[in-house]
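Residue-level structure breakdown
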Amino acid sequence: GGDASDVDLTDVADISCGWHACVARKNDGTAVAWGDTDNGYNLGGDASDVDLTDVADISCGDQVCVARRNDGTAVAWGNNQNGGDVSDVDLTDVADISCGSTMCVARKNDSTAVSWGWFNAT
């Protein structure tokens, strides 16, 4: 996660850390992320392009973080190969989220699940 000295970590309700990044959910429903960006390559530490408001749940893996909002949508950011790219994933009606090393999973309210990321990791 690295140096969080420039991150407002007051009123924190929940926290999740992966290998290169951390995210903290605050009591007001916002979330903040920090960690590595590796010379412009986002390893989960930069969530500036992601709407982190109305956040209900958070999870981080290796170079990727996910936030589930109260409206049932979810957003991800970080290394596209490890789960940061969700352009082909339906992240609506999400009840629960979890990230592992190089992949993430979302359980939906209808008891189905979707997963994305790098599945060929050994």
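Shown above is the structure to which this text applies.
For the structure given in this document, a descriptive report is provided here. Values in this document were obtained by computation on a predicted structure and should not be read as measured data.

**Structural notes on the overall build of the protein chain**
Helices and strands together make up the secondary structure of the protein chain, namely zero helices and nine strands. Reading the helices (α) and strands (β) of the protein chain from amino to carboxyl end gives β-β-β-β-β-β-β-β-β. Principal axes of the C-alpha set define a box for the protein chain whose edges measure 40 × 35 × 20 Å. Out of the 122 residues belonging to the protein chain, those deemed buried represent 47%. When contacts within the protein chain are restricted to residue pairs at least 6 apart in sequence, those whose partners lie at least 24 apart make up 35%. Carbon and sulfur atoms make up 42% of the accessible area of the protein chain, which totals about 6200 Å². Between the centroid of the 6 positive side chains of the protein chain and the centroid of its 21 negative side chains there is a distance of 8 Å.

**A word on the side chain of Arg25**
You can see Arg25 is positioned in strand β2 (residues 21-26). One buried charge, Arg25, has no salt-bridge partner; the nearest side chain with opposite charge is Asp14, at 4.4 Å. Discounting chain neighbours no more than four positions away, the residues touching Arg25 are Val12, Ala13, Asp14, Thr30, Ala31, Val55, Ala56, Asp57 and Ile58.

**Re the nonpolar core**
Val23, Leu52, Val55, Cys65, Ala67, Val75 and Trp77 are the most contacted members of the largest nonpolar core, which totals 14 residues. Mapped by element, the contributors of at least two residues to this core are β2, β3 (31-35), β4 (55-60), β5 (64-69) and β6 (74-78). Looking at which element gives the most residues to this core, the answer is β4, with three residues. Those residues within four positions of Leu52 in sequence are excluded, and the remaining contacts are Gly29, Thr30, Ala31, Ala47, Ala67, Val75 and Trp77. Residues Val66, Val86, Val94 and Ile97 belong to the second largest nonpolar core, which totals 12 residues.

**Examining the pairing of strand β1 (residues 12-17)**
Note: β1 against β2, five bridges, orientation antiparallel. By the bridge assignment, Cys17 is partnered in β2 with Cys22. Here β1 hands over to β2 after three residues, the two strands then running antiparallel side by side.

**Notes on the state of the cysteines**
The final tally for this structure, using the stated rule, is three disulfides. The disulfide bridge from Cys17 ends at Cys22, spanning 2.2 Å between sulfur atoms. Judged by the sign of its S-S torsion, about 110°, the cystine formed by Cys17 and Cys22 is right-handed. Take Cys17: its relative accessible area is 46%, and that puts it in the partly exposed class.

**Some words on the sheet that holds strand β8 (residues 103-108)**
Taking strand neighbours across the sheet as the criterion, the three strands line up as β7-β8-β9 in an open arrangement whose pairing is antiparallel. Whereas interior strands pair on both sides, the edge strands pair on one side only; in this sheet they are β7 (94-99) and β9 (113-117). Taking the axes of each pair of neighbouring strands and ignoring which way they run, one obtains an average angle of 15° across the sheet. Pairing of β7 with β8 involves five bridges; the strand directions are antiparallel. By the bridge assignment for β8, Cys99 is matched with Cys104.

Calculation rules
Per chain, residue numbering runs from 1 following the sequence as it is written. Only residues with pLDDT of at least 70 are given local features in this predicted model, and only at 80 or more are side-chain atom pairs given and counted; all residues enter the totals for whole chains, interfaces and linings. Side-chain numbers come from the whole structure's heavy atoms, not from hydrogens or water. Where helices and strands are cited, they refer to DSSP runs of H or I of at least four residues and of E of at least two residues respectively, numbered from the N terminus. Residue burial is assigned from relative accessible area. The probe radius is 1.4 Å, only protein chains are included, and a residue is buried under 20% of its type maximum, exposed over 50%, and partly exposed in between. Any two residues whose heavy atoms approach within 4.5 Å are treated as being in contact. For the area figures, the Shrake-Rupley method with a 1.4 Å probe applies, and any residue is considered shielded solely by the protein chains shown. In this tally, Lys and Arg are treated as positive and Asp and Glu as negative; His is ignored, and so are the chain termini. Charge positions come from single atoms, namely NZ of Lys, CZ of Arg, CG of Asp or CD of Glu. Salt bridge, as applied in this entry: a Lys or Arg side-chain nitrogen positioned within 4 Å of an Asp or Glu carboxyl oxygen. The criterion is simple. A nonpolar core is a set of buried Ala, Val, Leu, Ile, Met, Phe, Trp, Tyr and Cys residues joined through side-chain atoms within 4.5 Å. Strands were regarded as paired on the criterion that DSSP finds at least two bridges between them. Criterion for a disulfide: a pair of cysteine sulfur atoms within 2.5 Å. Comment: axis = line fitted to C-alpha atoms, over the contacting stretch for helices; angle = value between 0 and 180 degrees taken between N-to-C directions.

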